[in-house]
Amino acid sequence: MARTTSPSHLGRRLWTSVRTLLPQRSDFTAMRRSPGRDLLAGVTVAIVALPLALGFGISSGLGAQAGLVTAIVAGFLAAVFGGSNLQVSGPTGAMTVVLVPIVAVHGPTGVLMVGMMAGLILLALAWARGGRYMRYVPAPVIEGFTLGIAVVIALQQAPFVLGLPQPEGHDVLAGAAFLVMDFVADPNWTPLLVALGVAAVMLLGTRWRPTLPFSLLAVAAATLLVHFTPLSTPTIGALPAGLPAPSLSFLDLSAMGPLMGAAVAVAALAALESLLSATVADGMRVDERHDPDRELFGQGVANLAAPIFGGVPATAAIARTAVNVRSGANSRLAAAMHALVLAVVVLLAAPLVELVPLAALGGVLLATAVRMVEVGSVRAMMRSTRGDAVVLVITAVATLALDLVTAVLLGMAVTAFLALRAVAREARLNRVELSKGWSGDHGAQERALLDEHIVAYRLDGPLFFAAAHRFLLELTEVADVSVVILRMSRVSAVDATGALVLGDAVERLERRGITVLLSGVRQDHTRALTALGVVARLQEQGLVFDTTPEAIAHAHALLRERGTLDDVGTSSI
């Protein structure tokens with residue numbers, strides 16, 4: 001009788017699965033351990049995050065307010081529901097790179113739809129326990145991805161740095177080139193000098209005093225310089241005081257189909273960058289370990305809610321997370337505090353934020369792009385192996401020329417190809433000398449005759465599609481002998497292609513009148529070989545043996561049966 005599952009039992013299982021993704025009591029217990037340090041860390045991160053949120057919001061095409069809203073709403077919800085105690089989330093440069101073409105094609109409402117759809121995808125990934133699979137992204141892909149993003153972010157700042165209007169289209173490389181030509185024809189040096197000055201203060205100041213918020217200091221200095229001198233450059237402009245009212249007016253179910261590809265790309269990037277950031281945070285503190293599935297759940301909740309308030313899709317931010325850890329954060333209270341401080345800024349200091357020059361924000365993001373690239377790590381990866389260097393370069397170029405998700409998939413495909421090629425090269429077909437320990441108590445004349453008519457080969461490594469055809473060519477080049485023994489005990493893996501090729505090789509040898517014996521076939525390989533008829537037929541003929549000595553003894557008996565050994569005595573193994 002078939003066993004049925006009651007609706008109540010199914011509901012309990014579903015609730016148990018979901019409950020593991022929700023905030024735990026231990027999360028709130030950790031918040032009470034050192035709230036003072038967490039609050040101070042949250043304020044520090046907010047100071048660093050403010051210009052970044054403004055800059056990334058403007059770069060995405062939805063404006064400074066969208067960046068601030070994202071940092072507040074997504075930052076708070078990801079802190080509460082995420083899987084890391086130290087992670088800080090908000091708008092990021094990597095996400096901005098993905099959003100620019102979406103804005104160009106589908107407009108701002110399309111971005112809001114994409115953000116909400118990406119949130120749903122992330123929730124589904126968390127429920128399916130998909131977080132564990134992100135660890136398989138190779139290091140060269142991550143380095144190339146990061147390098148490509150840094151270049152794209154730097155190119156996106158060209159309009160702000162040069163004080164020119166945003167070009168049409170979303171090809172950042174071509175757009176930056178045209179803007180440079182326009183600047184050369186009619187240069188305006190003020191925005192360029194402001195941007196380069198802010199970037200220099202951030203890069204040099206961080207090396208001198210890493211704990212000081214040089215991004216905010218540089219932006220404040222640039223704002224004062226522009227507003228109290230004859231210098232002139234565009235500013236952020238009017239910002240509404242307070243958070244926008246929640247709204248679902250952007251929802252358009254008919255647009256879900258055309259936007260699905262973009263939503264998958266945003267969700268994949270949010271998952272990849274957030275889990276990478278969480279791993280970095282774990283590495284900075286020996287007593288921390290994030291939950292990847294809860295992190296995906298937290299990012300899903302954050303991206304589901306942010307569009308309702310007009311925010312862009314968010315991810316965890318490696319730079320802000322690192323500042324949080326270095327500032328002494330011990331729990332998720334610090335990241336939540338960072339969001340609350342930004343909310344206070346929006347409520348009380350919006351008129352001051354409006355005065356910030358766009359060139360200053362461009363300088364902040366230029367410095368951020370430079371700091372994203374770990375030169376030592378890239379150099380080491382380029383020198384490690386030729387394959388790693390190829391993967392890094394291909395991923396970086398694809399990030400610049402195509403899009404981030406395509407770049408990651410391409411990098412992983414190249415990595416998989418190189419890995420398969422390396423594994424396939426490990427597969428070998430080695431001839432075994434029977435006269436060395438395998439010929440029993442035969443005399444010299446009989447051993448010579450056995451070697452003349454029996455040949456043994458040992459298969460080492462995987463017998464799968466990438467190596468099988470080379471194996472076939474090698475095996476079918478066997479010289480004319482009476483018996484071929486294939487030792488299978490060192491075969492590490494067999495797939496359908498390998499099994500078919502082995503069967504083909506056996507048939508070709510048999511057509512030449514050569515008897516093929518198998519020895520040492522592992523139990524876990526029998527299924528593939530049997531399913532494709534390779535082992536079954538030989539087993540019926542009694543040509544499959546557990547050990548090589550048994551196969552040699554049978555070969556010896558076959559030669560006697562055929563009269564090959566009649567003239568050299570009657571000894572046996």
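A. Expanded view of the overall build of the chain. Assigned secondary structure in the chain consists of 25 helices and eight strands. In terms of overall dimensions, the chain is more spread out than a globule: its C-alpha atoms have a radius of gyration of 33 Å, far above the 25 Å expected for 573 residues. Along the first, second and third principal axes, the C-alpha set of the chain runs to 110 × 70 × 50 Å. Looking at the chain as a whole, 50% of its 573 residues are labelled buried.

B. Expanded view of the packing of helix H3 (residues 35-60) against helix H5 (residues 93-127). The geometry of H3 relative to H5 is characterised by a closest axis approach of 8 Å and an angle of 25° between their N-to-C directions. Here H3 lies roughly parallel to H5, going by the angle between them. From H3, Phe56, Ser59 and Ser60 reach across to H5, where they touch Gly93, Thr96, Leu99, Val100 and Val103. Its residues assigned to classes, the contact of H3 with H5 comprises four nonpolar, four polar and no charged.

C. Focus on the pattern of salt bridges. A full pass over the atoms with the stated rule returns four salt bridges. A salt bridge links Arg508 to Asp504, with the shortest nitrogen-to-oxygen separation between them at 3.5 Å. With Arg508 and Asp504 both in helix H22 (residues 496-511) and four residues apart, the pair spans about one turn of that helix. Residue Arg508 is classed as partly exposed on the basis of its relative accessible area, which comes to 35%. The exposure class assigned to Asp504 is partly exposed, which follows from its relative accessible area of 26%. Across the pair Arg522 and Asp524 runs a salt bridge whose closest N-O atoms are separated by 3.0 Å. Note on Arg522: relative accessible area 31%, which makes it partly exposed.

D. Layout of the pairing of strand S4 (residues 454-463). Across the 10 residues of S4, 10 count as buried, placing the element largely inside the fold. Across five bridges, the pairing between strand S3 (residues 428-432) and S4 is antiparallel. Looking at the pairing, Asn430 lines up with Arg458 of S4. Here S4 pairs with strand S5 (residues 483-487) via five bridges, running parallel.

E. Seen up close, the environment of Leu251. For Leu251, the position within the fold is in the loop between helix H10 (214-227) and helix H11 (256-284). As for Leu251 and Ala281, which are separated by 30 residues in sequence, their C-alpha atoms are 35 Å apart. In contact with Leu251, not counting residues within four places along its chain, are Met113 and Met116.

Each value, and the rule that gives it
Residues numbered from 1 in each chain as written. Predicted model: local features only at pLDDT ≥ 70, side-chain atom pairs only at ≥ 80, totals over all residues. Heavy atoms only, no water. Helix = DSSP H or I, 4+ residues; strand = E, 2+ residues; numbered from the N terminus. Rg over C-alpha atoms; globule rule 2.2 N^0.38 Å. Buried < 20%, exposed > 50% of the residue type's maximum accessible area, 1.4 Å probe, protein only. Axes fitted to C-alpha atoms, helices over the stretch in contact; angles between N-to-C directions. Parallel < 35°, antiparallel > 145°, perpendicular 65-115°, else oblique. Contact = heavy atoms within 4.5 Å. Nonpolar A, V, L, I, M, F, W, Y, C, P; charged D, E, K, R; others polar. Salt bridge = Lys/Arg side-chain N within 4 Å of Asp/Glu carboxyl O. Pairing = 2+ DSSP bridges.

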